[in-house]
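Observations on the model geometry
Next come the chains, spelled out residue by residue.
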Amino acid sequence: MARIGRGQPNRPIIVRQPRNYDAHPPLPVFETAAEFPPLDIFTPGITVPLSAFETAAEFPPLVVHKDAGFILPVFETAAEFPELTITTPILAGELITGNFQIEWGRLLLGGPGNVYQILEPGVEGWDDLPELDSGNAPRSARHGSWTGRDYAQQREVSATIGIDGPQDSTAWVLAMRNFRRAFGVSEDGSEQTLTIRTLGETLLARAKAQARVMPAGLYGQRWTAVSVRWTCSDPRRYDLQQESVTVDAGSTDTCINDGDVATSPRIKVFGPVANPVITNVSMGRILRFLVSLNDGQLLDIDTNAGTVLIDGEDAMDTLSSLSVPIEEWVLAAGTNTISYSVSSGGLGGIELQFRSSYL
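Residue indices begin from 1 for each chain and proceed along its sequence in written order. Given that this is a predicted model, residues contribute local features only at a pLDDT of at least 70 and side-chain atom pairs are listed and counted only at 80 or more, while totals for whole chains, interfaces and linings are drawn from all residues. Side-chain numbers here rest on the full set of heavy atoms in the structure, without hydrogens or water.

1. Describing the side chain of arginine 237
Numbering goes from the N terminus for both helices and strands, where a helix is a DSSP run of H or I of at least four residues and a strand is a run of E of at least two. With respect to the secondary-structure elements, arginine 237 resides in strand β12 (residues 237-239). For this analysis, a polar contact is any N or O atom pair within 3.5 Å, provided that within protein one partner can donate a hydrogen and the other can accept it, and provided that sequence-adjacent residues contribute only side-chain to side-chain pairs. At 2.8 Å, the side chain of arginine 237 forms a polar contact with the backbone oxygen of tryptophan 126.

2. Some points on the environment of cysteine 255
Along the polypeptide, cysteine 255 turns up in strand β14 (residues 251-257). Taking C-alpha positions, cysteine 255 is 5.9 Å from threonine 335, a pair spaced 80 residues apart along the chain.

3. Description of the pattern of salt bridges
A pair is scored as a salt bridge if a Lys or Arg side-chain nitrogen falls within 4 Å of a carboxyl oxygen belonging to Asp or Glu. Counting across every chain of the model gives six salt bridges. For arginine 149, the salt bridge identified is with glutamate 328, shortest N-O distance 3.7 Å. Taken together, the residues arginine 149 in the loop between β6 (145-146) and β7 (151-152) and glutamate 328 in the loop between β22 (313-314) and β23 (334-341) connect sequence positions 179 residues apart. Residue burial is assigned from relative accessible area. The probe radius is 1.4 Å, only protein chains are included, and a residue is buried under 20% of its type maximum, exposed over 50%, and partly exposed in between. On the basis of relative accessible area, glutamate 328 is assigned to the partly exposed category, the value being 29%.

4. Points about the sheet that holds strand β18 (residues 285-288)
Within a beta sheet, neighbouring strands are joined by backbone hydrogen bonds and run either parallel or antiparallel to one another. The criterion for strand pairing is that DSSP finds at least two bridges linking the strands in question. Taking strand neighbours across the sheet as the criterion, the four strands line up as β14-β23-β17-β18 in an open arrangement whose pairing is antiparallel. Edge strands, defined here as strands with exactly one partner in the open sheet, are β14 and β18. Geometrically, the sheet is characterised by an average inter-axis angle of 20 degrees between neighbouring strands, direction not taken into account. In this structure, β14 lies alongside β23, joined through seven bridges in antiparallel fashion. Paired with asparagine 257 across the strands is glycine 334, a residue of β23. Comment: axis = line fitted to C-alpha atoms, over the contacting stretch for helices; angle = value between 0 and 180 degrees taken between N-to-C directions.

5. Details of the sheet that holds strand β25 (residues 350-354)
Taken in spatial order, the six strands line up as β13-β25-β15-β20-β21-β22 in an open sheet, and their pairing is antiparallel. The open sheet terminates on both sides in strands that have one partner only, identified here as β13 (243-247) and β22. Sheet topology note: the strand β15 (residues 266-270)/β25 ladder contains four bridges and is antiparallel. Looking across to β25, one finds that isoleucine 267 is bridged to leucine 352.

6. Overview of the environment of leucine 299
Topologically, leucine 299 is positioned in strand β20 (residues 298-302). For leucine 299 and phenylalanine 289, which are ten residues apart along the polypeptide, the C-alpha to C-alpha distance reads 9.6 Å. Apart from the residues within four sequence positions on either side, leucine 299 is in contact with Ile267, Lys268, Val269, Pro276, Phe289, Leu293, Val308, Leu309 and Ile310. Should any heavy atoms of two residues lie within 4.5 Å, those residues are considered in contact.

7. Digging into the environment of leucine 293
As for its position among the elements, leucine 293 is in strand β19 (residues 292-293). Residue leucine 293 is classed as buried on the basis of its relative accessible area of 4%. Between the alpha carbons of leucine 293 and glycine 345 there is a distance of 9.2 Å; along the sequence they are 52 residues apart. Discounting chain neighbours no more than four positions away, the residues touching leucine 293 are Val269, Gly271, Pro272, Val273, Leu298, Leu299 and Ile310.

8. Considering the side chain of serine 356
You can see serine 356 is positioned in the loop between β25 and β26 (357-358). Of the polar contacts made by the side chain of serine 356, one reaches the backbone nitrogen of aspartate 258; its length is 2.9 Å.

9. Notes on the nonpolar core
For our purposes a nonpolar core is just a set of buried Ala, Val, Leu, Ile, Met, Phe, Trp, Tyr and Cys residues, chained together by side-chain atoms within 4.5 Å. Within the largest apolar cluster, 28 residues are counted, with the highest numbers of intra-cluster contacts made by Phe179, Phe183 and Trp230. Taken together, the elements giving at least two residues each to this core come down to β1 (101-104), β2 (107-109), β8 (155-164), α1 (169-182), β9 (192-197), β10 (202-213) and β11 (223-232). No other element matches α1, which puts five residues into this core. Each residue touching phenylalanine 179, except ones within four places of it in the same chain, is listed here: Leu107, Leu109, Tyr116, Ile161, Ile163, Arg212, Met214, Val226 and Val228. Residues Val247, Val273, Phe289 and Ile301 belong to the second largest nonpolar core, which totals 24 residues.

10. Some words on the packing of aromatic side chains
By convention, a stacked pair of Phe, Tyr or Trp rings (six-membered ring in the case of Trp) has centres within 6.5 Å and planes under 30 degrees apart, an edge-to-face pair has planes over 60 apart, and any other such pair is tilted. All chains considered together, the criterion is met by six aromatic pairs. Centre to centre, the rings of phenylalanine 183 and tryptophan 230 are 5.6 Å apart; their planes meet at 50 degrees, and the pair counts as tilted. You can see phenylalanine 183 sitting in the loop between α1 and β9 and its partner tryptophan 230 sitting in strand β11, a full 47 residues away along the chain. A relative accessible area of 5% places phenylalanine 183 in the buried class. Residue classification places tryptophan 230 among the buried residues on the basis of a relative accessible area of 0%. Taken together through their ring pairs, the aromatic side chains of Trp104, Tyr116, Phe179, Phe183 and Trp230 make up a single cluster. Directly above the ring of tryptophan 146 sits arginine 139, whose terminal nitrogen or CZ lies 3.6 Å from the centroid. Sitting over a ring, as applied to charges here, requires NZ of Lys or CZ of Arg to be within 6 Å of the ring centre and within 35 degrees of the ring normal. Taking the ring centre of tryptophan 126 as reference, the NZ or CZ of arginine 237 above it sits at 5.3 Å.

Spelled out as structure tokens, the structure:
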């Protein structure tokens, strides 16, 4: 029989898993959250139709029928280069159109319809032999002199110019002023080109105006006769045409002076070259230079002025003592044989520029 009343409860029974200190529980892969959310991108399908590549028609479409005529427009192209401006040097004698005319600077004297006419007796002193400085020396033990070389003095040329001016006063004054300007005083003492054509022969000289006598008595009739005079420090006269002869190193060539007196050439020696020697074989005259020129350098020898320049600087000290004086190296009247030799280089050769000269 059960016992009634307070009694002690029974202790509950707890069931536990056995402890396992060496257990390794599995862990999932370590992950971080995505930096950006996933993106879904949709693009439309686009198709762009392109027409065939074409250039503009050079000519309009043509419809041609048999035996039919048609007109084409002028074919034009765009200018490939911009407009060019070319300046040419003034050539001596280019104003002269006929015999018995004078060109002084840019003023023409003589010729049909010209305001400035050449009056009788015409030009004087142009074909005369200038005064000579005699090289003769008196002999002490007998009559006469020892002969020596003569040298011509400067040439003096004169003419009388009639100015037959227009009746218009303004035009007359302009004609007079142009004439006075042409025959004024040289500011720096330099000479201008005086070109004279006689009967079929045109020659030039370098000159300065030295006299101008203009009587004013007939100005009221728009007329005066003016006496003018030029002096030419070099009495020689020259052809209009300048000749150019090139001579290669180790060879010879000829220079022909068609005049009646020796002419003074200008000689250009082109580098690279060492110790150039230029010889006028016909006259037995030598120019020897102890110098080395680099590629592009120029030895410029002016036998008329008696100067030697290298790239514009004086180089007279390069002339060997075996040479003749610069001014003595000339081209005689007639044919001259020229030789050119070097120690090394010289592929550029030399160039001789000259005009035939007349005394």
